[in-house]
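# Overview (structure and organization)
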Amino acid sequence: MDDLDSWKVLAREHRGITQELAAFIAGLQASDVTSQSRDVLSKALIDALGCGLYGLTTPWGRIMADFAREQQGPAEAALWGGGVRVSVGNSVLSGGTAIHSFDFDDHSRAKIHPGALVVPVALALGERERVTGNVILAAMAAGYETMNRVSQAANPSRTRMRGWHLTGTTGTLAAAATASVILGLDATTTASALGLAGTQSAGTWAFTADGGMSKRMHPGRSAQAGVMAALLAQRGFEGPRYILEAEDGGLLFGMSDTPRPALLTEGLGTRWHTDETCFKPHACCGSNHACVDAALALMREHKLDLADIDRIVAGVARVVNTQTGFVYRADSVLNAQMSLQYNIAVALCDGQAYLEQFTPERIVEKQVVALASRVEIEIDPAIDQAYPEIYGGKVTLVTRQGQTLVRQVDYSRGMPENPMSHAEIESKYLSLATAAIGADAAADILALANTLFDAASVNPLAKLLAQASVTPSTESFVAA
């Protein structure tokens with residue numbers, strides 16, 4: 001539908017959907033959040049904290065934290081690991097960047113990373129406004145629903161093929177929705193906040209060309225923009241209340257050649273996209289997890305050694321091939337995390353794809369680089385047709401003994417159909433947070449995070465986050 005006339009017809013049919021979403025956000029209470037969604041958001045909070053604390057050990061995490069400290073502003077919210085309080089905008093800029101700093105944060109089949117936006121906004125603005133844990137819960141639910149719905153309405157596969165990074169483009173609206181609940185904005189003012197957020201939407205995939213740090217920044221910058229949008233709307237600064245469906249300049253058409261505006265409000269209040277959140281057991285792009293799981297399963301079940309493998313073929317969707325199927329270049333940790341060739345190769349070599357597999361030293365080792373170059377990637381028609389409703393992947397190993405072994409995974413570990421338990425999320429958190437701030441501090445933060453939604457205030461947790469002493473990594477995170 002990449003023509004304006006067709007879009008105008010669709011836009012007129014769905015005029016008012018931004019305001020309908022705003023009304024949902026403005027009316028949302030903690031009691032409206034289902035027990036299933038509450039459980040998912042509890043895991044999301046803990047997962048984001050672990051990813052964020054570990055992210056502060058990376059160069060880009062430290063650069064942004066130092067920048068936020070220098071900008072400072074009024075002492076409104078904790079600067080994680082910084083020992084100070086800064087403005088809400090600078091707190092979320094640092095926190096959002098940190099959470100996404102190692103590409104280990106939660107995601108969804110809408111091709112977004114909601115936790116990196118929603119959690120820092122809820123905690124920072126919640127600290128400033130001194131809200132209860134129930135409000136934090138409602139705010140997080142609003143952010144997760146908004147981000148998922150905007151991405152689905154834009155059509156994430158088509159948006160991605162245009163080069164947009166949806167975490168950046170939809171993240172501003174998620175942050176504005178989260179902030180609007182914290183601030184208690186009414187429906188009209190929330191619609192203004194969404195409009196002001198949407199007009200600031202940005203973020204592209206150009207970073208894959210050279211491993212630039214921009215991907216790490218997108219959630220932090222989008223969180224900052226969304227908070228600003230809500231605070232301005234609260235003051236009476238009016239935003240475009242048809243930001244998503246406007247005939248001229250509507251964000252959905254601007255992002256995609258085949259937008260689906262009906263999906264923005266379909267089942268609103270009854271279908272919770274939050275429940276479809278995916279958590280990562282592997283420290284790499286979520287689109288690659290099915291193939292990583294398939295490769296690990298084949299090696300384990302058939303008791304294979306690397307010497308047994310003659311040929312490796314990965315079958316994926318067309319979008320995944322565009323996103324992660326590039327020829328592996330051992331030039332940065334980011335490109336290693338995005339590369340399907342490297343992810344499969346290092347999993348075959350090491351039996352996992354965790355922190356140790358994405359160090360500057362490991363990503364350039366000759367054995368794994370050579371194996372990555374042997375991973376053939378092809379578009380599998382059935383997997384392509386099912387994507388993105390099913391994030392499937394297939395791995396075929398041909399052995400030197402002449403066996404052809406095939407494993408297809410439709411639901412990788414951490415997907416809602418194959419979920420990680422709360423205990424597994426806690427274990428992941430502790431491995432990340434302990435590496436960053438030590439076991440005792442990590443445990444103290446976890447204890448407060450586990451009870452946050454029933455707490456009278458977020459401030460005790462915020463205080464611990466500010467006081468946490470982060471040990472910077474000695475790694476450069478960039479290959480020589």
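Rules of the game
- Residues numbered from 1 in each chain as written.
- Predicted model: local features only at pLDDT ≥ 70, side-chain atom pairs only at ≥ 80, totals over all residues.
- Heavy atoms only, no water.
- pLDDT = per-residue confidence, 0-100.
- Contact = heavy atoms within 4.5 Å.
- Phe/Tyr/Trp six-rings, centres within 6.5 Å; stacked < 30°, edge-to-face > 60°.
- Helix = DSSP H or I, 4+ residues; strand = E, 2+ residues; numbered from the N terminus.
- Buried < 20%, exposed > 50% of the residue type's maximum accessible area, 1.4 Å probe, protein only.
- Core = buried A, V, L, I, M, F, W, Y, C linked by side-chain atoms within 4.5 Å.

## Concerning the confidence of the model for the protein chain
With 98% of its residues at a pLDDT of at least 70, the protein chain reaches an overall mean of 95. In the predicted structure, residues 476-480 sits below a pLDDT of 50 and forms 17 contacts with residues beyond four places in sequence or in another chain.

## Description of the packing of aromatic side chains
Inspection of the entire model under this criterion finds eight aromatic pairs. An angle of 10° between the planes, with centres 5.5 Å apart, marks the rings of Trp7 and Phe253 as stacked. Of this pair, Trp7 sits in helix H1 (residues 4-13) while Phe253 sits in helix H13 (residues 251-255), and the two are 246 residues apart along the sequence. Neither Trp7 nor Phe253 differs from the other in exposure class; each is buried. Measuring from centroid to centroid gives 5.3 Å for Phe104 and Tyr354, while their planes differ by 75°, and the two rings are edge-to-face. With Phe104 in the loop between helix H5 (88-99) and helix H6 (115-129) and Tyr354 in the loop between helix H17 (340-350) and helix H18 (366-373), the pair connects residues that are 250 residues apart, well separated along the chain.

## Examining the environment of Asp248
With respect to the element layout, Asp248 can be found in the loop between helix H12 (214-234) and H13. Since its relative accessible area comes to 70%, Asp248 is described here as exposed. Considering only alpha carbons, one finds Asp248 and Leu4, 244 residues apart in sequence, at a separation of 8.3 Å.

## A few points about the nonpolar core
Counting residues in hydrophobic clusters, the biggest one holds 150 residues, and the most contacted among them are Leu123, Met140 and Ile344. By residue number, the principal contributor to this core is helix H7 (residues 133-154), which donates 12 residues. Residue contacts for Ile344: discarding those within four places in its chain leaves Cys291, Ala295, Ile312, Ala314, Val375 and Val395.

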